[in-house]
Amino acid sequence: MLLKSIFSQHVKGKPGFHYLISNALYLLLIPLSAIVLTYDLFSTLSTIYDLFQIWNELSFKFDNVTVLLLVVLCLVSLVFTTIYLMSRPKNVYLVNFPSYKPDPSRMCTREIFLQIASQTGKFSDETLAFKKKILERSGIGNMTYGPKSLMENPAENGNMEEARKETEGVIIGAVDELLAKTGVKPKAIGILVVNSSLFNPTPSLSAFIVNHYKLRSNIFSYNLGGMGCSAGLISIDLAQKLLQVEPNCYALVVSTENITLGWYVGNDRSMLLTNCLFRVGGAAILLSNRSSDRSSSKYQLVRTLRSHQVDDNSYNCIMQKEDEFQHVGVKISKNLMVVAGEALKTHITALGPLVLPMSEQLLFLATSVARKIFKMKINLYIPDIKLAFEHFCIHTGGRGVLDGIEKNLQLNEWHMEPSRMTLNRFGNTSSSSVWYAKLAYSEAKRRIRKGDRICQIGFRSGFKCSTVVWRALKTINLNPTLDKNPWIDEIDNFPVQVPQDAPIAF
């Protein structure tokens, strides 16, 4: 009964309990240090004369062999300390991360989107009505961006030339802004990681960047394809691993997706969702392991984590394939949300012990023991993930995805606001959405404070889940007239109310 009473009452004193457990070491060390300092202050051993006397007495007690062993022990300790300092992981800093904002002429309202779909002549009336229904409930607003090829000539099929123009324009826009913001010379970049899931031309997009910006000839360049909407976080993970072996190095990560060749022109309903949700976007991220860049960087990388669901249902729930008329598209199964929920549960189970405060882990362990060993009829304590992070950057896969994560992680409207506003303002920009959401949005809102912890969460086909955790190195106060940010000139208009069903006049 005593244990049950403690568990039932712990919520009332949770802040104090959390503080006590998390700071127990400091609370013990402070009085202990005070006692030691007081003792040293008044001790007779505090005089230099007494210290010399002790040294002389010890020197008579040890022979030469013992002295030699002590010297060897000191040298061995010095060697192992040096090895540890040289082999410990290098700190990785996020210097800056511009998110691409297309020209206003590329803005695509929901009405324009449906007009484009109608003008292609590829979709039946039933399909257009289905697309309209999806858009009305999607949470997407009227200020997203579409590709030039579809908006100017929707009747023509997307081709490789137009697809290249779309992706190269996004990449150049983001990377140019990054180089201008940071002042880093292209030749100083030693690592390049590019990700685009569906569009992977030859030469690769990484080769395009190397050639366009005349990067160094010995650069480590990688091009990730087919890895879905969390490929941007996978790219961060790969870049930080490479930075562990390359000293004093910059790493450029570019995340984007192509809409022109990803446009599905069939009538299979399970393949129409990507047409309705995906929009043009991209981001360029500069990482550094140079200690001199700490003062000018915004964030420090804390950890990365990836998990993979290994079963046929998870593997097949998002699949690029042809429909019965040989039209290529991305098929999304009806059990996607179930698979995503299981993937998130597996991922958080692995992430929790790495990031949760000890107080939460102790409460979870205590209730587990009470249930399994003492057979007590109490609910298993669900750790509060909000105690591990101040901010969450969630991939804007759609309203259903965001609703599911909000429920499973027990987040509130404030935590979800950046992701919901990103979905409304920019749509699903695939792997780059976690940079528009929260980081760019929260910086524009001036919510990022020094020491804040940020968790980026992404999902991808396969089915996989990825997390990247950052810590803010400074309080971010953007200057609206000097700092360029995709939200900065309109942030006062957000958040907006996003209805469950927003009718479209079409």
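Below or above, wherever it landed, is the structure these notes cover. Counting restarts for each chain: residues are numbered from 1 in the order of the written sequence. The predicted nature of this model means local features are confined to residues of pLDDT at least 70 and side-chain atom pairs, given and counted, to a pLDDT of 80 or more, with totals for whole chains, interfaces and linings taken over all residues. To get the side-chain values, take all heavy atoms of the structure and skip hydrogens and water.

## Examining the layout of surface pockets
Alright, step 1. Here a cavity denotes a set of grid points, spaced 1 Å apart and computed over the protein atoms alone, in which a 1.4 Å probe fits but from which it cannot get out, and a pocket denotes an open set meeting protein on both sides within 12 Å along at least five of seven lines; residues with an atom within 4 Å of a point are reported as lining. Grid points are joined across faces, edges and corners, and a volume is the space filled by probe spheres set on the points. A volume near 590 Å³ is recorded for the second largest pocket.
Alright, step 2. The secondary structure listing takes helices from DSSP runs of H or I that are at least 4 residues long and strands from runs of E that are at least 2 residues long, numbered from the N terminus. Of all the elements in the fold, those that place two or more residues in the lining of the second largest pocket are α14 (336-355) and α15 (358-372).
Alright, step 3. Broken down by element, the lining of the second largest pocket gets its largest block of residues, seven residues, from α14.

## Looking at the environment of L402
Alright, step 1. Considering the arrangement of structural elements, one finds L402 in helix α16 (residues 399-408).
Alright, step 2. Relative accessible area serves as the criterion here: at 0%, L402 is assigned to the buried category.
Alright, step 3. Along the chain, L402 and R420 lie 18 residues apart, while their C-alpha atoms are 7.5 Å from each other. The classification of residues rests on relative accessible area computed with a 1.4 Å probe and restricted to protein chains. Under 20% of the type maximum is buried, over 50% is exposed, and intermediate values are partly exposed.

## Examining empty space enclosed by the protein
Once rolled over the atoms, a probe with the size of a water molecule shows which space is left empty.
Alright, step 1. Under the defined criterion, the tally for this structure stands at one cavity of 30 Å³ or more.
Alright, step 2. What the largest cavity holds in volume is close to 90 Å³.
Alright, step 3. If you go around the largest cavity, you meet 13 residues; those closest to its centre are C108, F113, G146, P147 and W263.
Alright, step 4. Those elements giving two or more residues to the lining of the largest cavity turn out to be α6 (110-119) and α8 (148-152).
Alright, step 5. The classification used treats Ala, Val, Leu, Ile, Met, Phe, Trp, Tyr, Cys and Pro as nonpolar, Asp, Glu, Lys and Arg as charged, and all other residues, Gly among them, as polar. In the lining of the largest cavity, the residues fall into 10 nonpolar, two polar and one charged.

## Focus: the packing of α16 against helix α17 (residues 413-426)
Alright, step 1. Lines are fitted to the C-alpha atoms to define the axes, a helix being fitted only along its stretch in contact, and any angle between axes, read from their N-to-C directions, falls within 0 to 180 degrees. At a closest axis distance of 11 Å, the pairing of α16 and α17 adopts a crossing angle of 170 degrees. In terms of orientation, α16 and α17 fall into the roughly antiparallel class. Side by side, α16 and α17 meet where R399, L402, D403 and E406 of the first sit next to E413, M416, S419, R420 and L423 of the second.
Alright, step 2. Of the residues in the contact of α16 with α17, the class split is three nonpolar, one polar and five charged. An angle below 35 degrees is read as roughly parallel, one above 145 as roughly antiparallel, one from 65 to 115 as roughly perpendicular, and any other as oblique. Any two residues whose heavy atoms approach within 4.5 Å at even a single point are treated as in contact.

## Things to note about the sheet that holds strand β4 (residues 189-195)
Alright, step 1. The nine strands lie next to each other as β5-β4-β6-β7-β1-β8-β13-β12-β11, forming an open sheet whose pairing is mixed. The open sheet has two edge strands with one neighbour each: β5 (220-224) and β11 (391-394). Strand-to-strand twist in this sheet, taken as the mean axis angle between neighbours without regard to direction, amounts to 25 degrees.
Alright, step 2. Taken together, the four bridges between β11 and strand β12 (residues 453-460) define a ladder with parallel strand orientation. Counterpart to H391 in the pairing with β12 is I454. We treat two strands as partners when DSSP finds at least two bridges between them.

## Quick word on the pattern of salt bridges
Alright, step 1. One speaks of a salt bridge when a side-chain nitrogen belonging to Lys or Arg is within 4 Å of a carboxyl oxygen belonging to Asp or Glu. Evaluation of the coordinates by the stated rule reveals 20 salt bridges.
Alright, step 2. Note that K345 and E342 form a salt bridge whose closest N and O atoms lie 3.8 Å from each other. One end of the pair is K345 and the other is E342, both in helix α14 and three residues apart, which spans about a single turn.
Alright, step 3. Residue E342 is classed as partly exposed on the basis of its relative accessible area, which comes to 39%.
Alright, step 4. Taken together, the shared-partner salt bridges connect K101, R425, D489 and E490 into one network.

## Looking at the nonpolar core
When a protein is soluble and globular, its nonpolar side chains tend to lie buried together.
Alright, step 1. The term nonpolar core refers to a set of buried residues drawn from Ala, Val, Leu, Ile, Met, Phe, Trp, Tyr and Cys, joined through side-chain atoms within 4.5 Å. In this structure, I209, L287, Y299, W435 and W470 are the most contacted members of the largest nonpolar core, which totals 123 residues.
Alright, step 2. Residues within four places of W435 in sequence aside, it is in contact with L94, F97, S99, I236, A283, I285, A440, Q456 and W470.

## What about the pairing of strand β10 (residues 328-332)?
Moving residue by residue along a regular strand, the side chains alternate between the two faces of the sheet.
Alright, step 1. The pairing of strand β9 (residues 318-322) with β10 spans five bridges and is classified as antiparallel. Bridge pairing in β10 places Q320 opposite V330.
Alright, step 2. From the end of β9 to the start of β10, which pair antiparallel, there are five residues, and Q326 there has a positive phi angle of about 70 degrees.

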